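Breakdown of the fold
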Amino acid sequence: MIKKYICFIFLVLTFLSTSYAQYGSRVTVKGKIVDNKTKRAVEFANIGFVGAAIGTVSDVDGNFSLSFAPGLLLATDKFQVSVIGYEPQIFSKNDVLKQVGKDFFISLKAKQYSLDEVIVGETKRTKSTVGDLDYDDRIIGYWKDIEGLGGEITTKIKIRRKNTKLHNLQFKVLENGADSLLVRVNVYDVNHYGLVGQNLLSQSIKHTISTKQGLVSIPLEDYGIYVHSNIIVGIELLKVYGRQIGFSLAGSMSKGTSFIRYKSQDHFKPVENTSMAFRLDVSNPARKGSGPEKRDIPSMITLYWDTSTVHKNRNLESEIALVSDLLKKTKEAQVDVVKFAQGYEETKTFYMHKGKAAPIISYLKNTTYVGSANFENLTRPELKENAAVILVTQGQTVISKITPSFPCPVFVVSSNYDANKKSLEDLALFTDGDFLDASLEDKKDLIKRYTHFIEDRPVQELPTSFASGGVSYQGKQGEIKLQGAKVTLQNSFRTAETDVNGSYRIAANPGDILEISFPGMENQAIKVGERGRNNVKMIATYDVLDEVILTSKKQEKVLVQTTQGLRNEDAVGYKNNLIDEKEITAKYTTLGQVLRREAGVEVRLDVFTRKEVYIFPRTFYNSIETPQPPIIVIDGVIYNQTDATELPQLDMQNVKSINTNSSLIATTLYGSIAAGGVIEIKTKTGNTTTKAAKKKASALATGNTYTEQVPVYENARAVSNTYKALQQGSSLEGSKEVYFNLLKRRTNPGISFYMDAYNYFKDQDAQFTERIVTSIIAVAPENKQALRTATFALQELGLDDKVVSVVKHIKSIAPRDVQSYLDLAQAYDSNGDYQAAFEEYKTILANQLDGVNFESIQETAENELRRLVKKHKSKVSFADLPQSLLDVSFSKKRRLVFEWSDPSAQFEIQFVNPEGKFFTWDHTMYKNQEVMASQLRTGTLVKEFELDDLSQGKWIINLNYVADSAITKTTPFLTYTSYEDYATDTEKKKVKIIPLAQITSKVTIDNFIINSSNYEN
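Values in this document were obtained by computation on a predicted structure and should not be read as measured data. Position labels on residues start from 1 in each chain and follow its written sequence. Since the coordinates come from a predicted model, pLDDT governs what is reported: local features require at least 70, and pairs of side-chain atoms require 80 or more to be given and counted, while whole-chain, interface and lining totals use all residues. Side-chain descriptors were evaluated using all non-hydrogen atoms of the structure, hydrogens and water having been removed beforehand.

1. So, unusual backbone geometry
Within the chain, Asn 491 stands out as a residue other than glycine whose phi angle is a positive 60 degrees. Using a 1.4 Å probe on the protein chains alone, a residue whose accessible area is under 20% of its type maximum counts as buried, one over 50% counts as exposed, and one in between counts as partly exposed. With relative accessibility at 64%, the residue Asn 491 sits in the exposed group. In this model, Asp 981 sits at a positive phi of 55 degrees, which is unusual for a non-glycine residue. Helix and strand definitions follow DSSP, with helices as H or I runs of at least four residues and strands as E runs of at least two, each counted in order from the N terminus. In this fold, Asp 981 is placed in strand β50 (residues 973-982).

Encoded structure:
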């Protein structure tokens, strides 16, 4: 059965679960557009804020009215008025706001077109049809909202020959709910990035569509439109006649590229692999002869040779043989060979005579393959008409995008069965070149495509075989489906994870071996069968709570509630809240009355004893089984609310201070008894002790006094064999040679191999190090753990733009993992794209995406958002934020953030305070099953802590890796970031990337002294 795919192209701005009220009050600007000389009205001019999806068009009398919320806009946003035939007018946001309540009178100056833009056609011309010739009613583009004036649907159309005249535009209407629509036809050139370029028209072409269903043809012949290369054709909505619109167009069966913009003056947004079925009747100058038209033989060739890591296993002989044949056909030419990869480019020029290409072939054979492909710099705008490009690549890329950015034909050569053939074909065909599959036996056809214009044919995509099945284990309550189990194709980086039903699907062939792992379970392996499901039963290595990992529908609600509770356990980093004696006035007679006024504290009534219980909701649910309230410490004496000990009667006017603390400090001071937090009360007389209370005082230090001698990580970490081998190089170049030799000998090196090399070279050669790190991206483009490890290194190298690209890709392959949203926001922030970061943080805090629960990362997102707004307030549209997030005094004395690459990595973080007390946060299935299971479900890979002003003195941070035999296939990495004076002008940041497998016993990863001087901002 063919699956029905529908592409919805919305030409309406939608706000998800928000209202304009959030962005401040709306204003309306009204005015008129006129010709500056004749003073006549300019109809259907495009009006709006550029790229903001806030726009409209003027009516037939030149009048317009535009309502918007200023809070949605940045101070730098520009207001533009433009229309074909006139020079555009640009105004600032403030200029426009000054016109509110007035008549905004705008005059446009007519644009002068030079005579050489008019082309006279030949008398004899051949007619043909170009564009998408097959309609597909399952793919639609439509206008939905009557307010989307100026919105536009466009698609790319390939133009093979120069001096092509446009006669008619045709498309198929599937539905038209309006009485009629007025649209404008636009014809754009394709810029060097393959996107919408300049409008080629010198006059407006308007057309009224009244057809309810069927073909529509818009005549263009009388407008004398001549084009010479590929174009983008669109229809723009100008006016709706009637009360509704409901207008949709048929798409195409071919996988082209369309572009949409939602409203007037908005930016165009590409819709990949989707083409609207626009076709053009055209004519070209008649040519002599029959058969395929010959191409011009180029006299200048740029030969791009991809040297990325994945290319070392390609069919090199076939590719070199084909390239040699192409050069022989060229005969006389200057050939610029460009070897390229991420962080690497080497160019050498050859002058070829009589097709003798031996020196070129020899140079290509002498190539080393390191890094990821980088297509960003593959543009040669200086190339002339007699030039051509030969690009030899597999086309697999995460960091950069393949775009047709050449003014000459591009011939793509590839021999890999898993090449990115769709993108490569688009690149070739939209530059009038061709895709040449070197793995095919018929080389004559490939060479003819280089010398002649041959009719396009789809590239051959090999079918992908998949294995599917379920992962479960036999629990005490029966068979338990495991969500978050990792399924890995043996000896590869290809992985999949089980869903809420314990099911997985992974690209694999019959006979392949799949390895399945889950924290707390023994590693399992299974051979993929010819048919049927490949199910796996896991065996627990120790007792695992069924309630923690059970994912059946019956118990899913319990687990969701657990996840929400665990979020509060995770958030252990808040400051103390001090209530001093001045705030405890005579009206307060009980402790409950005082605590009720504090944010983050709840006063409840015990249903059995009818006594008050004081809790911190954010730490109350440390355990599903036994919710834990804070301890109460009065003048140094501990009272536990969970037993029968009664608090002494407190005279509230004798209380000097009350300190509510739910942070890490509570646990380091009082041990695990304070896991629910602490309420510290100091009296003026210091005399409230009872007999029962004195008996409990020893709990202060029970079990958490630090007496160990732990080595420093840098001195104690294990040195890998790779690192030792690189040290044997007599020089930098010698070590590189060692690296290349190691790479040649290893068929499938793991992530640790690349990261060991990264650590060795990072302080010696930045570009070579970049190539090493991006090799991870090249060999494991779909492995999110490997990709996240690469982002750790890219961040350390300061390559923030690359981090953005990689995290976007991670988000696309793991859209339900909350960490990818947080990582993308932080990457945008580091890269200076503050508004994009701002929007991602707001998405996390709103927590309204279907199937994604952001609660586990909201504390971190809020801290990052508040820092962003404090430091870059003028660069974000902050009007919709509550005042609590706009606090300019926001800062944190010491903020510690731990991030890791693999959710199944098991480790312990130990904090030792200046008093010699410690607290350990466990990320292990043995001790913290709830947290581990929750993070596996949500994709959470971050934990943060805050130290405050009660913690002055020396702190020690220790780390212990708890190796699990079930997860040794992918080496997990951890990043430790320490912020001092976070979100202040004196902020300091220290980052360490730690390969957990190199930790064989507990190590100290940081120690620092906090004193009063640290707190002076």
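2. Structural notes on the pairing of strand β11 (residues 164-176)
For β11, the tally of buried residues reaches 10 of 13 residues, placing the bulk of the element in the interior. In the sheet, β11 pairs with strand β16 (residues 226-227) via 2 bridges, with the strands oriented antiparallel. Residue pairing across strands places Thr 164 opposite Val 227, the latter belonging to β16. Between any two strands, at least two bridges found by DSSP are needed for them to pair. Pairing analysis gives 5 bridges linking β11 to strand β21 (residues 279-285), with the strands arranged antiparallel. In the strand pairing of β21, Leu 169 is matched with Leu 280. Across 6 bridges, β11 lies against strand β15 (residues 214-219) in antiparallel orientation. Within β15, the position partnered with Phe 171 by the bridge is Val 216.

3. Digging into the sheet that holds strand β49 (residues 953-961)
Taken in spatial order, the 4 strands make up an open sheet running β47-β46-β49-β52, and their pairing is antiparallel. Strand pairing shows two members of the sheet lacking a second neighbour, β47 (918-923) and β52 (1003-1010), which therefore form its edges. Geometrically, the sheet is characterised by an average inter-axis angle of 15 degrees between neighbouring strands, direction not taken into account. Relative to β49, strand β46 (residues 907-912) runs antiparallel, the two being bridged by 6 bridges. Interaxial angle, 0 to 180 degrees, is taken between N-to-C directions of lines fitted to C-alpha atoms, where a helix line uses only the stretch in contact.

4. Regarding the confidence of the model for the chain
With 83% of its residues at a pLDDT of at least 70, the chain reaches an overall mean of 82. A score between 0 and 100, pLDDT records how confident the predictor is in each residue. When mean pLDDT is compared element by element in the chain, helix α19 (residues 818-830) scores highest at 96, while helix α7 (residues 553-570) scores lowest at 29. Note on residues 689-702: pLDDT under 50 across the span, and 21 contacts to partners over four residues away in sequence or across chains. Taken together, the stretch residues 965-969 has pLDDT below 50 and engages in 10 contacts with residues farther than four places along the chain or on a different chain. Whether two residues are in contact is decided by their heavy atoms: any pair within 4.5 Å suffices.

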